[in-house]
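Residue-level structure breakdown
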Amino acid sequence: LSADGNTMYYTFCSGVCNLFVSERESDGSWGKPRKLPEPVNFPYSSEKQPSISPDGRTLYFVSNRGGGKGKFDVWKTTHLEGDKWSDPENLGYSINTAFNEQSPFIHFDNQTLYFSSDGHVGMGALDILMSRKLNDTTWTKPVNLGYPINTHRSEDGLIVNARGTEAYYS
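The text that follows walks through the structure, step by step, so that each part is easy to find. (Residues numbered from 1 in each chain as written. Predicted model: local features only at pLDDT ≥ 70, side-chain atom pairs only at ≥ 80, totals over all residues. Heavy atoms only, no water.)

**Remarks on the pattern of salt bridges**
When their charged atoms lie close together, side chains carrying opposite charge are able to pair. Following the criterion strictly, the structure yields three salt bridges and no others. For Arg 34, the salt bridge identified is with Glu 23, shortest N-O distance 2.9 Å. Of this pair, Arg 34 sits in strand 3 (residues 34-35) while Glu 23 sits in strand 2 (residues 16-23), and the two are 11 residues apart along the sequence. With relative accessibility at 32%, the residue Glu 23 sits in the partly exposed group. Among the charged side chains, a network of salt bridges with common partners joins Glu 23, Arg 34 and Asp 83. (Salt bridge = Lys/Arg side-chain N within 4 Å of Asp/Glu carboxyl O. Helix = DSSP H or I, 4+ residues; strand = E, 2+ residues; numbered from the N terminus. Buried < 20%, exposed > 50% of the residue type's maximum accessible area, 1.4 Å probe, protein only.)

In structure tokens form, the structure reads like this:
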């Protein structure tokens, strides 16, 4: 959900996964879903698990599209105008590995990225990590959140409240 709660980005999978958007109507219901256009969604790859920046301009997601570093990587695209988005940019080797990165979540501070990975050093299959944005193209080395959040099993899908005092994950 966008910071104001009026725009919802989500994944729909039928064969491949694609990203969609819906806006809240004046009566509180959700408007008709719209598939995000190319270059965000590609015909033969999966794009999933979106997270929108608090200013509503940058959409983070994972994809197995060509040009990545591994299986599923974290990418970002910038909203231009109307239904137009910039060419997605891979977040690079500081975030992505040759394995799977999943469930990116950009915090409300617009500087902290949480995501899951089975390619970074961890405790189990998928572990939750955190990285901070240094500039538009550079991120700090991801930090494993450690025990008790991460265990020998898979942890995924972390969402942190705006104050940074509570988090939810699976």
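Past the structure itself, the notes keep going.
**Looking at the nonpolar core**
Counting 11 residues, the largest nonpolar core consists of Tyr 60, Val 62, Phe 72, Val 74, Leu 91, Ile 95, Ile 106, Leu 113, Phe 115, Leu 129 and Trp 139. Where this core is concerned, the elements lending two or more residues are strand 5 (58-63) and strand 10 (112-117). Discounting chain neighbours no more than four positions away, the residues touching Phe 72 are Ser 46, Lys 48, Val 62, Ser 63, Asn 64, Phe 99, Asn 100, Glu 101 and Gln 102. By size, the runner-up hydrophobic cluster in this structure holds 10 residues, among which are Tyr 9, Ile 52, Leu 59 and Phe 61. (Core = buried A, V, L, I, M, F, W, Y, C linked by side-chain atoms within 4.5 Å. Contact = heavy atoms within 4.5 Å.)

**Observations regarding the environment of Tyr 93**
The residue Tyr 93 is located in the loop between strand 8 (89-90) and strand 9 (101-106) in this model. Look at Tyr 93 and you get exposed, because its relative accessible area is 61%. Separated by 10 residues in the primary sequence, Tyr 93 and Ser 103 place their C-alpha atoms 17 Å from one another.

**A word on the sheet that holds strand 10**
A sheet is described by the order of its strands in space; here four strands give the open sequence 9-10-11-12, paired in antiparallel fashion. Since the sheet does not close on itself, it has two edges, and those belong to strand 9 and strand 12 (143-144), each with one partner. By the bridge criterion, two bridges tie strand 11 (residues 127-132) to strand 12 in an arrangement that is antiparallel. In the strand pairing of strand 12, Leu 129 is matched with Asn 144. (Pairing = 2+ DSSP bridges.)

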